[in-house]
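Architecture and fold: a report
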Amino acid sequence: MDLPVIDLSPYLAVSGDHLSPQLTALCGEVSRSLRETGALVVKDPRCSVEDNDRFIDMMERYFQSPPDFKQRHERPYLHYQVGVTPEKVEVPRSLVDEEMQAKLKAMPKEYQPHAPVGPDLKWRYFWRIGPRPTNTRFKELNAEPVIPEGFSEWKETMDSWGNKMIAAIEVVAEMAAIGFGLQKDAFTSLMKLGPHLLAPTGSDLQKYGQEGTILAGYHYDLNFLTIHGKSRFPGLNIWLRNGQKVEVKVPLGCLLIQTGKQIEWLTGGDCIAGMHEVVVTNRTVDAIRTAEEQKRSLWRVSSTLFGHIASDAVLKPLGHFAESPLASKYPPLCAGEYVEQELAVINLKGQK
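Below you will find a few notes about this structure. (Residues numbered from 1 in each chain as written. Predicted model: local features only at pLDDT ≥ 70, side-chain atom pairs only at ≥ 80, totals over all residues. Heavy atoms only, no water.)

1. Notes on the pattern of salt bridges
Under the criterion given, the structure shown has 22 salt bridges. Salt-bridge contacts for R232 lead to E60; the nearest nitrogen and oxygen are separated by 3.0 Å. Taken together, the positions of R232 in the loop between β8 (225-228) and β9 (236-239) and E60 in helix α3 (residues 49-63) put the pair 172 residues apart, joining distant regions of the chain. Take R232: its relative accessible area is 25%, and that puts it in the partly exposed class. Looking at E60, the relative accessible area reads 10%, which means it is buried. Linked through salt bridges whose partners overlap, the residues forming this network are D53, D57, E60 and R232. (Salt bridge = Lys/Arg side-chain N within 4 Å of Asp/Glu carboxyl O. Helix = DSSP H or I, 4+ residues; strand = E, 2+ residues; numbered from the N terminus. Buried < 20%, exposed > 50% of the residue type's maximum accessible area, 1.4 Å probe, protein only.)

Have a look at this one:
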């Protein structure tokens with residue numbers, strides 16, 4: 001199954017709040033896809049293939065650097081929320097959540113995820129995007145960036161790609177709000193000064209290129225919306241709301257958006273956080289062979305960005321979602337407190 005591709009150009013071309021029936025219907029398509037599939041593919045004319053390639057080229061060069069070089073950029077005392085997280089640190093939620101494990105076992109065999117046996121094999125780099133609040137209760141979630149030595153283009157490349165992806169998320173958030181029958185800025189007003197993170201992952205397919213290897217175990221994202229550029233190696237599986245497992249194919253020049261836990265909270269469970277995993281498949285193995293023939297890097301880089309609700313904002317069902325029968329499952333909670341609770345579970349909090 002191919003996810004619908006939404007071209008953002010017609011919405012971007014409109015100034016003011018008056019939308020044509022066609023654009024209103026397009027906003028409805030955005031909210032429907034997020035509700036039913038937990039995912040959406042968008043084409044944003046401001047995010048080019050060249051931008052994605054430039055970013056991935058730099059991250060391949062970084063991730064294939066020696067481990068002792070990369071370890072200089074670790075900040076475990078900041079919950080790894082800036083700088084690099086080495087492989088075998090981040091623990092997939094499905095490894096530690098007994099309720100989730102029970103749900104997995106109840107799934108039809110063909111839709112079951114690969115069962116993780118330990119921490120993820122991927123490296124990750126966290127880079128803060130956008131301004132941070134001057135006054136916040138959550139200083140460590142809004143920490144200063146870490147810039148690796150020898151990468152003069154680092155800040156400009158990270159900021160440029162990160163800001164373009166945040167801009168795409170903001171447009172999708174506006175369109176989704178309209179589609180859900182909320183004020184246009186219902187979500188974007190809560191995103192202002194959020195701890196948005198450009199969070200590329202790097203998986204060494206020379207070392208972990210066997211079919212069936214789990215690079216990132218079955219999990220959901222704790223943030224609002226996650227966006228990815230196209231990776232050079234396939235392997236991402238997502239689960240639709242009906243439980244169906246889908247291998248994602250992102251068309252060239254497009255971006256994949258996935259629902260996180262914060263949008264689930266704000267919609268009172270009308271949207272649910274999308275489950276996903278990254279696994280070496282037969283298509284990954286084919287891509288590895290091609291890369292070897294072309295003498296290209298064998299690091300699988302995901303150009304991922306986590307769009308967040310501001311740390312000091314309150315998560316609670318918005319507008320008519322407050323009347324939903326499920327709303328009581330989503331009591332008011334400060335977004336920063338929620339993030340810290342989740343980080344504690346997946347092993348990124350409290351490590352010194």
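2. Observations concerning the packing of aromatic side chains
By the definition in use, this model includes 17 aromatic pairs. Relative to F63, the ring of Y62 lies with its centre 5.6 Å away and its plane at 65°, an arrangement referred to as edge-to-face. With a relative accessible area of 0%, Y62 lands in the buried category. Here K70 stacks its cationic end above the ring of W123, 4.0 Å away from the centre of that ring. Here the basic side chain of K261 rests over the ring of Y220, its NZ or CZ set 4.7 Å away from the ring centre. (Phe/Tyr/Trp six-rings, centres within 6.5 Å; stacked < 30°, edge-to-face > 60°. Lys NZ or Arg CZ within 6 Å of the ring centre and 35° of its normal.)

3. Notes on the state of the cysteines
Counted according to the given criterion, the structure contains zero disulfides. Looking at C254, it has no disulfide partner, and the nearest cysteine sulfur is the one in C47, 11 Å off. (Disulfide = S-S within 2.5 Å.)

4. Thoughts on the environment of D7
Mapping D7 onto the fold places it in strand β1 (residues 5-7). For D7, a relative accessible area of 35% puts it in the partly exposed group. Taking the C-alpha atoms as reference, D7 lies 8.4 Å from P45; in sequence the two are 38 residues apart. Engagement of the side chain of D7 in a polar contact is seen with the side chain of S9, the distance being 2.8 Å. (Polar contact = N/O pair within 3.5 Å; in protein donor to acceptor, adjacent residues only side chain to side chain.)

Everything listed is a geometric property; what it means functionally is a separate question.
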